[in-house]
Amino acid sequence: MDPPKIFVERTLCILKPDAVHKADEIEDIILRSGFTILQKRRVQLTPEQASDFYVEHYGKLFFPSLVAYMSSGPIIAMVLAKEKAISYWRELIGPTNTIKARQTHPDCLRSIYGTDDQRNGMHGSDSFQSAEREIRFFFPDTITEPIGMGQAARDYLAKAVNPTLLKGLTQLSKQKPLDPVVWLADWLLENNPNKPKVKDQGIV
Ligand code: AMP
């Protein structure tokens, strides 16, 4: 029987201006909840950037004050990874409105770190498409294709990693260095097949 397939997703988390001073505490909860923090940036958005980020809410009554709030101080944007990260992170932060969250989900993060329906502590992407867009917004160089798992990961390792690793391990067993881990690490750096090699032209 095939092992169960696990799909690691990425989601965008933002600690909003009022929650930034609690960043260490919140990051600790994030890690203890099984997320990996892949990327992190502390930034202060201009009102134009905040409008772009929340463009789907353009025209709503709360849009101007949301933009003013989100550009009022530094925020922390993080890419979180985990199986079903998008829904799990939203479940952990709880309902948008902090006041209602305190009644219905007293243990959720917004209930603890939020203030009202706007200053609600943190943001979480609401779908795979939003996560892709939002991650690219803060981390434009990120590659957001799904992380291979299961057979796809085994195929990738067999093609791209194992041949080099096998050569390195063969050399390691021949050389028997005193510190095999450091030796292998150096060997892999030196023999990385993706590293361009400059041929010594010699002096003619
Ligand atoms: P969402 O895209 O659902 O995360 O909504 C964006 C953000 O807009 C929320 O996280 C709140 O900060 C803010 N927001 C949503 N609804 C309201 C509202 N009714 N009044 C004030 N702010 C709101």
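Conventions and cut-offs
- Residues numbered from 1 in each chain as written.
- Predicted model: local features only at pLDDT ≥ 70, side-chain atom pairs only at ≥ 80, totals over all residues.
- Heavy atoms only, no water.
- Helix = DSSP H or I, 4+ residues; strand = E, 2+ residues; numbered from the N terminus.
- Buried < 20%, exposed > 50% of the residue type's maximum accessible area, 1.4 Å probe, protein only.
- Contact = heavy atoms within 4.5 Å.
- Patch = residues over 30% accessible without salt bridge, like charges linked within 9 Å, V, L, I, M, F, W, Y side chains within 5 Å.
- Areas by Shrake-Rupley, 256 points an atom, 1.4 Å probe, with all protein chains shown as cover.
- Salt bridge = Lys/Arg side-chain N within 4 Å of Asp/Glu carboxyl O.
- Near = heavy atom within 4 Å.
- Polar contact = N/O pair within 3.5 Å; in protein donor to acceptor, adjacent residues only side chain to side chain.
- 1 Å grid on protein atoms, 1.4 Å probe; cavity = no way out; pocket = protein on both sides within 12 Å on 5 of 7 lines; lining within 4 Å.
- Sits in = over half its atoms within 2 Å of the grid points.
- Nonpolar A, V, L, I, M, F, W, Y, C, P; charged D, E, K, R; others polar.
- Pairing = 2+ DSSP bridges.
- Axes fitted to C-alpha atoms, helices over the stretch in contact; angles between N-to-C directions.
- Points joined across faces, edges and corners; volume = space filled by probe spheres on them.

(A) The overall build of the chain, seen in detail. Check the secondary structure of the chain and you find nine helices and four strands. Written out in order from the N terminus, the α and β elements of the chain read β-α-β-α-α-β-α-α-α-β-α-α-α. Relative to its full complement of 204 residues, the chain shows a buried share of 35%. Restricting to contacts in the chain with at least 6 residues of sequence separation, those with at least 24 account for 69%.

(B) How the structure looks around a nonpolar patch on the surface. On the surface, a nonpolar cluster with roughly 200 Å² of combined accessible area is contributed by Leu165, Leu169 and Leu188. Within the secondary structure, Leu165 is located in helix α8 (residues 150-175).

(C) Structural context of the environment of Trp183. Among the secondary structure elements, Trp183 is positioned in helix α9 (residues 180-190). When near neighbours in sequence (up to four residues on either side) are disregarded, Trp183 contacts Gly168, Gln171, Leu172, Gln175 and Pro177.

(D) Unusual backbone geometry, seen in detail. The residue Lys84 is not glycine, and still its phi comes out positive at about 50°. Secondary-structure assignment places Lys84 in the loop between β3 (75-83) and α4 (85-93). Looking at Lys84, the relative accessible area reads 54%, which means it is exposed. Positive phi, close to 45°, is recorded for Lys176, a residue that is not glycine. Along the chain, Lys176 falls in the loop between α8 and α9. On the accessibility criterion, Lys176 (65% relative accessible area) is exposed.

(E) Just the site of the ligand, in detail. Around the ligand, the surrounding shell consists of Lys16, Tyr54, His57, Phe62, Leu66, Thr96, Arg110, Asp117, Gln118, Asn120 and His123. With respect to the ligand, the backbone of Gln118 contributes an N or O atom lying 2.8 Å from an oxygen atom. In the complex, 78% of the free accessible area of the ligand, which totals 480 Å², lies under the protein chains. Mapping the ligand onto the cavity grids shows that it belongs to the largest pocket. Looking at side-chain class alone, the shell around the ligand contains three nonpolar, five polar and three charged residues.

(F) The sheet that holds strand β4 (residues 122-124), seen in detail. A sheet is described by the order of its strands in space; here four strands give the open sequence β2-β3-β1-β4, paired in antiparallel fashion. Each having just a single partner strand, β2 (36-43) and β4 make up the two edges of the open sheet. On average, each strand axis in the sheet is tilted by 20° relative to the strand beside it, whichever way the strands run. Each of β1 (8-15), β3 and β4 is contacted by α4, which is oriented at about 35° to β1, the strand it contacts most.

(G) How the structure looks around the layout of surface pockets. In this structure, the largest pocket encloses a volume near 440 Å³. Counting only elements with at least two residues in the lining of the largest pocket, the list comes to β4 and α7 (128-138). The greatest single-element share of the lining of the largest pocket, amounting to three residues, is contributed by α7. Among the residues forming the lining of the largest pocket, the class breakdown is four nonpolar, seven polar and eight charged. If you add up the space inside the second largest pocket, you get close to 150 Å³. Looking at the second largest pocket, the residues that line it are Tyr156, Ala160, Val161, Thr164, Leu165, Leu188, Asn192, Pro193 and Asn194. A per-element tally of the lining of the second largest pocket places α8 first, with five residues. For the lining of the second largest pocket, the class distribution of residues is six nonpolar, three polar and no charged.

(H) Broad picture of the pattern of salt bridges. A complete count under the given rule lists six salt bridges for this structure. Ionic pairing is found between Arg119 and Asp18, a salt bridge with its closest N-O pair at 3.9 Å. Of the two residues, Arg119 sits in the loop between α6 (109-113) and β4 while Asp18 sits in the loop between β1 and α1 (23-32), which places them 101 residues apart along the sequence. Using a relative accessible area of 29% as the deciding quantity, one classes Asp18 as partly exposed. The closest approach of N and O atoms between Glu132 and Arg136, which form a salt bridge, is 3.8 Å. You can see Glu132 and its partner Arg136 sitting in helix α7, four residues apart, about one turn around the helix. Through salt bridges with shared partners, a single network forms among Asp18, Asp116 and Arg119.

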